[in-house]
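Examination of the molecular architecture
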Amino acid sequence: MKFKTNFLLLTVLMVFTLYQCAPSTSEPIEPRKMEVLFLGHDSEHHNSYELMPYLSSYISPKGINLTYTDEMKDLNADHLSNFDAVMLYANHDEIKSSHEKALLDFIKKGGGFIPVHSASYCFRNSDKLVDIIGGQFESHDTATFSLDIIDGDHEITAGLEPFETWDETYVHTKHSKKQVLMERVEGDHREPYTWIKEYGKGRIFYTALGHDERTWSHHGFLELLHRGILWSLGDAKKEALAQLEFPVLAYSAAKIPNYEQRDPAPQLQAPLSPEESMKMIQTPPGFKLELFASEPDIINPIAMNWDERGRLWILETVDYPNEIKVEPGIGRDRIKIVEDTDGDGKADKFTVFAENLSVPTSLVFANGGVIVSQAPHFIFFKDTDGDDVADVREIIIDGWGTDDTHAGPSNLRYGFDNQIWGVLGYSGFEGKIGDKEHKFSQGVYRFTPDGSSLEYMSRTSNNTWGLGLSEANDVFISTANNTHSGYYGIPDAHTKDVEGLHARGIEKIDGHYLFHPITRNFRQVDVFGGFTAAAGHALYTARSYPEEFWNNVALVCEPTGHLLHKAILSKDGAGFSESDGWNLLSSADEWVSPVAADVGPDGSVWILDWYNFIIQHNPIPEGFENGLGNAHVNPLRDKQRGRIYKLVHNDAPTYEPIILDPNDADQLLTTLSSDNMLWRMHAQRLLVEGAHTSVKDGLINLIKDRSKDAQGLNNGALHGIWTLHGLGLIGDAHPIVMNVINEALSHPAAGVRKAALQSLPVSTSTLDQLLATDILEDKDLATRLAASNKLWQLPSSEKLAQTLIDLSQDETYLSDVWLARSIYVAAV
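So, a few notes on the structure that sits alongside this text.

Conventions and cut-offs
- Residues numbered from 1 in each chain as written.
- Predicted model: local features only at pLDDT ≥ 70, side-chain atom pairs only at ≥ 80, totals over all residues.
- Heavy atoms only, no water.
- Buried < 20%, exposed > 50% of the residue type's maximum accessible area, 1.4 Å probe, protein only.
- Helix = DSSP H or I, 4+ residues; strand = E, 2+ residues; numbered from the N terminus.
- Polar contact = N/O pair within 3.5 Å; in protein donor to acceptor, adjacent residues only side chain to side chain.
- Pairing = 2+ DSSP bridges.
- Patch = residues over 30% accessible without salt bridge, like charges linked within 9 Å, V, L, I, M, F, W, Y side chains within 5 Å.
- Areas by Shrake-Rupley, 256 points an atom, 1.4 Å probe, with all protein chains shown as cover.
- Salt bridge = Lys/Arg side-chain N within 4 Å of Asp/Glu carboxyl O.
- Lys, Arg positive; Asp, Glu negative; His and termini not counted.
- Charge placed at Lys NZ, Arg CZ, Asp CG, Glu CD.
- Core = buried A, V, L, I, M, F, W, Y, C linked by side-chain atoms within 4.5 Å.
- Contact = heavy atoms within 4.5 Å.
- Axes fitted to C-alpha atoms, helices over the stretch in contact; angles between N-to-C directions.
- Parallel < 35°, antiparallel > 145°, perpendicular 65-115°, else oblique.
- Left-handed = near helix turned anticlockwise from the far one by under 90°.

Regarding helix α21 (residues 817-827), the residues found buried are Trp 818, Leu 819, Arg 821, Ser 822, Ile 823, Val 825 and Ala 826. A distance of 3.0 Å separates the backbone nitrogen of Trp 818 from a side-chain oxygen at the start of α21, and that oxygen is part of Asp 816.

What follows is the structure in structure tokens.
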């Protein structure tokens, strides 16, 4: 019997030993950064929106990315699958059962959970979550205090320096089983204040500290949270993170924009290689950042565009900002074609298309060549012999101001109306185009591709560096200072002579002031903590990203904050509003300076990184001199570096390269229905430039298609209308086309209805046609605005006057700021 017992014991021991020594069945985790969802709330009490960046700037350089949300709907299994942990700092009193289940499942399967401070009073309708958090807030006073570490051997507290802070003195109730690490001592009372728990395979870290910035800005508190997050990730993920090596960067908890002016000033961060810099860049979960090109192959890229062959063209400017040469042909800047010829995702061919430019700022394709904005000129370049080197160089417009190199023209875009649109800063324009004199300052303008006419569209509030067109031809702008998103609704010609009303054609629509850098080390001279250098406003107009991006997200660069902002656009009556989508890209590397972002031929967002420690232009800091470009002279302005990135979604379809043939009208016609607006615009332009009237019937068929997609769009029909317009086929001389355009005024897609009415000729018959439809009462108010704007262009008549009187008494027109303004200025 004894033998049998010993044998049984030995067998058990052997099995146990074999089990212990057996290889793990779980797959190893590849070295990577960790992703944490930070769930806050829309409240200034426990202001998670403002406080999270303190932590983000502390842990992002260490490989832990924080993604902010205040939407409880983000607690769902699909979304949580993108994250390694959830941090909770908010006052969400209740939680829906579906959200509760998703969070519990996430933790149970091994996700980290980090409830902080007020989180212990969240989800009070869920006994399970209260139990998992470890206790519930009951009451508090306030005091300045430090915590007693009662378990100094735990990895979270080992070697942690005690620190003192002002905070709320929480007392908890409903305590559950947990391991207490730190206590707050008040007289004879010892209150558990920092503890850990486990639930399934998940780990929970809680601290009651964290009422406001007095604690959130404290290095000791941030280090405590950092350690708590690391522990919550679990050993395997910690090991995966530990295998990455990150550059050691300086950290500042203080909000001091011009931080280098402190005494003593911190050491200047050295520039990082592209590979090291990418480690400091945060992008959203589900995306990957790819380096397309960098120095020495490219230097100081300031603008980009893609030709009809899908090739990237960039402008390089080492003359910016102070070495401007006003006389053409003597600068150091270049147009460069940057290609990936072997399909590996990296540029391997670099061709100088044109050189000897000076401070070029934008380029757009037209008439078989490219137009470049380079104050005081707009210059047309063309290659006529096929060697990818320009042999035509012609000034097409002259008169752009050169007093300040960051206040000139920029962001040229080919428009739906087959004209070139652009924006301008306060250096302004003064010149003669044809027989017309022009003089205007900051704002939006358009011109014909041959430079024969120019029109000022509307005024902006300050330096304007951003322009974006939606897929329905809505126009948006960004200005440098404190208007990172604006909407253009009414032409200047409609408002400039109106008295009795402050009638602007562009309105600020941005819904928030703050931007969200992941470093506290940033330099600004005004709009502190906000958008003081907003550049670009391209919309996401492809389909390689998730649906919430499609035609709803604008890309706004903020180089002073080392970030690319995700501006979410929503319809608001006849206009639009913007809300904060945080960042598509942000960096703790103080040299990273995104200056341009746009949707490329593959549907990914491409980003130009100026990569410069000094990005600001003016005003002139104390002790510095002013240069020829009205920028302060600074030896730290880098003339050796520059990077181009692609931000690719993990689930994006494989991109099949496209080459459009300007002579293949059938291919161009088919491409008008592409799911990427870049290709549709090229196809429309090439059909118009090639005078391909042979596709008239094909264009008519596109317009007759009455379908619309999930976004309410029919892009083929919309571009079909504008292509007919560009070919000169809309008018009384083309009755079949006119019938189709008139029918399109009732198309199910609002953008098509708007295109149809905007393309109609300026004549008395157009008023009759508008009145014969419901378009002046269109359910889409942006379309209704376009219709009311059309009225002021039409010849005066009693019928038009009565129409305006009737509309001025319509409650919808009276209650909408844009519609009311449009009708008012049309009537005076």
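Below, the discussion takes up the pairing of strand β9 (residues 189-199). When you tally the buried positions in β9, you get eight out of 11 residues, the bulk of the element. Here seven bridges tie strand β8 (residues 179-186) to β9, and the two strands are oriented antiparallel to one another. The residue bridging Met 182 from the neighbouring strand is Thr 194, located in β9. The hairpin turn running from β8 into β9, its antiparallel successor, is two residues long, and Gly 187 in that turn takes a positive phi close to 65°. Relative to strand β10 (residues 202-207), β9 runs antiparallel, the two sharing six bridges. Within β10, the position partnered with Tyr 199 by the bridge is Gly 202. Connecting the antiparallel pair β9 and β10 is a turn made up of two residues, with Gly 200 showing a positive phi of about 60°.

What follows covers a negative patch on the surface. A contiguous patch of negative charge, built from Asp 42, Glu 44, Glu 50, Glu 71 and Glu 213, is present on the exposed surface. On the secondary structure map, Glu 213 appears in helix α6 (residues 213-216).

On inspection of all chains with the given rule, the structure shows 41 salt bridges. Put simply, Asp 474 and Lys 754 hold a salt bridge, and the shortest N to O gap is 2.7 Å. Here Asp 474 is found in the loop between β27 (464-469) and β28 (475-479), whereas its partner Lys 754 is found in helix α16 (residues 750-759), with 280 residues between them in sequence. For Arg 685, the salt bridge identified is with Glu 689, shortest N-O distance 3.0 Å.

On to the nonpolar core. Ranked by size, the top nonpolar core spans 136 residues in total, and within it Ile 335 and Phe 447 carry the most contacts. Considering every element that reaches this core, the biggest residue donor is helix α12 (residues 677-689), with eight residues. If sequence neighbours within four positions are ignored, Phe 447 has contacts with Ile 371, Phe 378, Ile 396, Ile 397, Leu 412, Gln 419, Ile 420, Ser 453 and Leu 454. Core analysis: the second largest hydrophobic core is formed by 105 residues, Phe 38, Ile 59, Ala 538 and Leu 647 among them.

Helix-helix packing is described using two parameters, namely the angle between the two axes and the distance between the axes. One way to put it is that helix α13 (residues 696-704) packs onto helix α15 (residues 735-744) with a least axis distance of 10 Å and a crossing angle of 20°. Relative to α15, the element α13 is oriented roughly parallel. For the crossing formed where α13 meets α15, the hand is left-handed. When α13 is examined against α15, the residues Lys 696, Ile 700, Ile 703 and Lys 704 are found in contact with a partner set consisting of Ile 736, Val 737, Val 740, Ile 741 and Ala 744.

In short, the description is geometric, and any link to function would need to be established separately.
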